[in-house]
Amino acid sequence: AHKTYVDISDGAVQEEVSQGVGRIAGQLCLRNIIMYYDSNNVQLSTKVDAVDTEDVAMKYRAWGWNVTEVDGSSADEIRAALKAAQNAKQPTLIIGHTVMGKGLLTSSGESFEDKVSTHGQPITAAGADFEPRLRICRAGGYRHVAGGNGFKRKTGPCASQIRASLAGYFSA
């Protein structure tokens, strides 16, 4: 059966339009909808918890959605949630708990994760530095791959293999 995949972020999940859609989709049991919510507690100008403390999972459950929470950095957990959502009797919300700027470092090697400044601008303009991460990746057996593909481990699965394994969930 046809599935509609939706991606939503912290700021968008607060918008009234998305809440109206959420309510009606649950009421009508639109089980063909699978929505992935990247829950990283950062929006354009502030941390989410500074302006909104609602329980998003509870809200969507109250609207009749199937809700699953996963580690949004785990391809295996996302894959399992997508697979389970295929047979749901109601719309599904997959909440992927992530960290904004996961793995980012400053020039001195300190963590630059979870910073509002990394939202909406290049990470180097926000204060992060690529060089410390490059050194760590090289030391761990990774090599940089030109063309925007990031890092690949010298042995084992690479990002393109992980993307390919998830691709089947997004085809018609």
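Residues numbered from 1 in each chain as written. Predicted model: local features only at pLDDT ≥ 70, side-chain atom pairs only at ≥ 80, totals over all residues. Heavy atoms only, no water.

S.K.: Go over the overall build of the protein chain, please, and point to the residues and values.
M.R.: Looking only at helices and strands, the protein chain has seven helices and six strands in total. Walking the protein chain from its N terminus toward its C terminus, one meets helices and strands in the order β-α-α-β-α-β-α-β-α-α-β-β-α. Here the protein chain holds 172 residues, and 35% of them are scored as buried. When contacts within the protein chain are restricted to residue pairs at least 6 apart in sequence, long-range pairs at least 24 apart make up 67% of them. About 10,000 Å² of surface is accessible on the protein chain, with carbon and sulfur atoms providing 54% of the total. (Helix = DSSP H or I, 4+ residues; strand = E, 2+ residues; numbered from the N terminus. Buried < 20%, exposed > 50% of the residue type's maximum accessible area, 1.4 Å probe, protein only. Contact = heavy atoms within 4.5 Å. Areas by Shrake-Rupley, 256 points an atom, 1.4 Å probe, with all protein chains shown as cover.)

S.K.: Let's hear about the sheet that holds strand β3 (residues 66-71): which residues, and what values?
M.R.: Reading across the sheet, the four strands line up as β1-β2-β4-β3 and stay open at both edges, with parallel pairing between neighbours. Strand pairing shows two members of the sheet lacking a second neighbour, β1 (4-9) and β3, which therefore form its edges. On average, adjacent strands in this sheet sit at an angle of 20° to one another, irrespective of strand direction. Looking at chain direction, β1 and strand β2 (residues 33-39) are connected through six bridges and run parallel. Looking at β2, one finds that Ser 9 is bridged to Asp 38. Together, β1, β2, β3 and β4 (92-97) form the strand contacts of helix α4 (residues 75-85), whose direction differs from that of β3 by roughly 165°. (Pairing = 2+ DSSP bridges. Axes fitted to C-alpha atoms, helices over the stretch in contact; angles between N-to-C directions.)

S.K.: Run through the pattern of salt bridges, naming residues and quoting values.
M.R.: Overall, the coordinates contain four salt bridges when judged by the stated rule. For Arg 23, the salt bridge is made with Glu 16, and the minimal N-O distance between the two is 2.6 Å. Looking at Arg 23, the relative accessible area reads 34%, which means it is partly exposed. Classification of Glu 16 as partly exposed rests on a relative accessible area of 47%. (Salt bridge = Lys/Arg side-chain N within 4 Å of Asp/Glu carboxyl O.)

S.K.: Outline the packing of aromatic side chains, supporting the account with residue identities and numerical values.
M.R.: Under the definition given, this model contains two aromatic pairs. Ring centres of Tyr 60 and Trp 63 lie 4.8 Å apart, and the angle between their planes is 65°; this geometry places the pair in the edge-to-face category. For Tyr 60, a relative accessible area of 0% gives the class buried. Judged by centre distance (5.1 Å) and plane angle (90°), the ring pair of Tyr 60 and Trp 65 falls under edge-to-face. Each member of the pair, Tyr 60 together with Trp 65, is buried. An aromatic cluster is defined as three or more aromatic residues linked by ring pairs; in this entry it consists of Tyr 60, Trp 63 and Trp 65. The aromatic ring of Phe 112 is capped on one face by Lys 115, whose charged end is 5.8 Å from the ring centroid. (Phe/Tyr/Trp six-rings, centres within 6.5 Å; stacked < 30°, edge-to-face > 60°. Lys NZ or Arg CZ within 6 Å of the ring centre and 35° of its normal.)

S.K.: Outline the side chain of Thr 106, listing residues and values.
M.R.: Here Thr 106 lies in the loop between β4 and α5 (123-126). Assessed through its relative accessible area of 15%, Thr 106 is described here as buried. Among the polar contacts listed, one links the side chain of Thr 106 to the side chain of Ser 108, at a separation of 3.0 Å. (Polar contact = N/O pair within 3.5 Å; in protein donor to acceptor, adjacent residues only side chain to side chain.)

S.K.: Quick rundown of the layout of surface pockets? Include the residues and the values.
M.R.: Considering only enclosed or pocket space, the second largest pocket measures out at about 220 Å³ in volume. Tyr 37, Ser 39, Val 48, Glu 54 and Val 56 are the residues nearest the centre of the second largest pocket, which is lined by 17 residues in total. Of all the secondary structure elements, the ones that give two or more residues to the lining of the second largest pocket are α1 (10-14), β2, α3 (56-62) and β4. In terms of residue count, α1 provides more of the lining of the second largest pocket than any other element does, three residues in total. Considering only residue class, the lining of the second largest pocket consists of six nonpolar, five polar and six charged. (1 Å grid on protein atoms, 1.4 Å probe; cavity = no way out; pocket = protein on both sides within 12 Å on 5 of 7 lines; lining within 4 Å. Points joined across faces, edges and corners; volume = space filled by probe spheres on them. Nonpolar A, V, L, I, M, F, W, Y, C, P; charged D, E, K, R; others polar.)

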